[in-house]
Amino acid sequence: MSSSPQIPAFAGRSFQVAYDGLVAHNIYASDGLSIRYAIVSGPYAGASGEAACQWRQIADGVYVISWQEADGATVVHVDDFARGHSQAFFTASDLSFYRMEGPLTALSSQEYAQ
């Protein structure tokens, strides 16, 4: 559930995040309450799933978005959709912890992983 009754700017859209060593596609539901994700390169390539997400807008075009994946991994993004930049904090199911940042770009429906 979202912390706000509004629909976020990223709702119904798809994005690629490209971090050093890991690239993922994030596809947000039209209500902004869930995400489909697919890791397309890096050590977790092939991982994909769907999860409920929570978000909070912290500045114009900037959102904190969090979710927990089915295997127990946790993800927190600080995504600046206006400037195309993402910071992520990711704890894998084996408890490895990652701090990542990189470009955030919108995807067309032909580009994202299904």
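Residues numbered from 1 in each chain as written. Predicted model: local features only at pLDDT ≥ 70, side-chain atom pairs only at ≥ 80, totals over all residues. Heavy atoms only, no water.

Chemist: Quick question: what am I supposed to make of the pairing of strand β2 (residues 22-28) here?
Modeler: Regular strands show a simple pattern: their side chains alternate between the two faces of the sheet. Most of β2 sits out of view: seven of its seven residues are buried. Both faces of β2 are covered, namely the face carrying Leu22, Ala24, Asn26 and Tyr28 and the face carrying Val23, His25 and Ile27. Strand direction decides the pairing type here: strand β1 (residues 14-19) and β2, joined by six bridges, are antiparallel. In the sheet register, alanine 18 faces β2, and the bridge partner there is valine 23. Taking the residues between adjacent antiparallel strands as the criterion, β1 and β2 are bridged by two residues, where glycine 21 takes a positive phi near 90 degrees. (Buried < 20%, exposed > 50% of the residue type's maximum accessible area, 1.4 Å probe, protein only. Helix = DSSP H or I, 4+ residues; strand = E, 2+ residues; numbered from the N terminus. Pairing = 2+ DSSP bridges.)

Chemist: Looking at this model, I keep getting lost on the sheet that holds strand β8 (residues 97-106). Mind explaining?
Modeler: Backbone hydrogen bonds hold the strands of a sheet together, and the pairing may be parallel or antiparallel. Pairing is antiparallel in the closed barrel, where eight strands are placed in the order β1-β2-β3-β4-β5-β6-β7-β8. Strand after strand, the sheet turns through a mean of 30 degrees between neighbouring axes, direction not considered. Relative to β8, strand β7 (residues 85-91) is paired through seven bridges, and the arrangement is antiparallel. Paired with alanine 88 across the bridge in β8 is methionine 100. (Axes fitted to C-alpha atoms, helices over the stretch in contact; angles between N-to-C directions.)

Chemist: Would you mind showing me how to read the side chain of aspartate 80 here?
Modeler: Within the secondary structure layout, aspartate 80 lies in strand β6 (residues 74-80). With near-sequence residues (within four places) excluded, aspartate 80 lies in contact with Gly61, Val62, His85 and Leu104. (Contact = heavy atoms within 4.5 Å.)

Chemist: Could you clarify how one ought to interpret the packing of aromatic side chains in this entry?
Modeler: Two aromatic rings, taken as a pair, are described by how far apart their centres are and by the angle between their planes. Following the criterion strictly, the structure yields 11 aromatic pairs and no others. Taken together, a centroid distance of 5.9 Å and an interplanar angle of 65 degrees make the contact between tyrosine 63 and phenylalanine 81 edge-to-face. Here tyrosine 63, found in strand β5 (residues 62-68), pairs with phenylalanine 81, found in the loop between β6 and β7; they are 18 residues apart in sequence, far enough to count as distant. In this structure, tyrosine 63 and phenylalanine 81 share a single accessibility class: buried. Look at phenylalanine 90 and tyrosine 98: their rings are 5.7 Å apart centre to centre, the planes differ by 25 degrees, and that puts the pair in the stacked class. Taking the relative accessible area as the measure of exposure, tyrosine 98 reaches 28% and is therefore partly exposed. In this structure an aromatic cluster arises from ring pairing among Phe10, Phe15, Tyr28, Trp55, Tyr63 and Phe81. (Phe/Tyr/Trp six-rings, centres within 6.5 Å; stacked < 30°, edge-to-face > 60°.)

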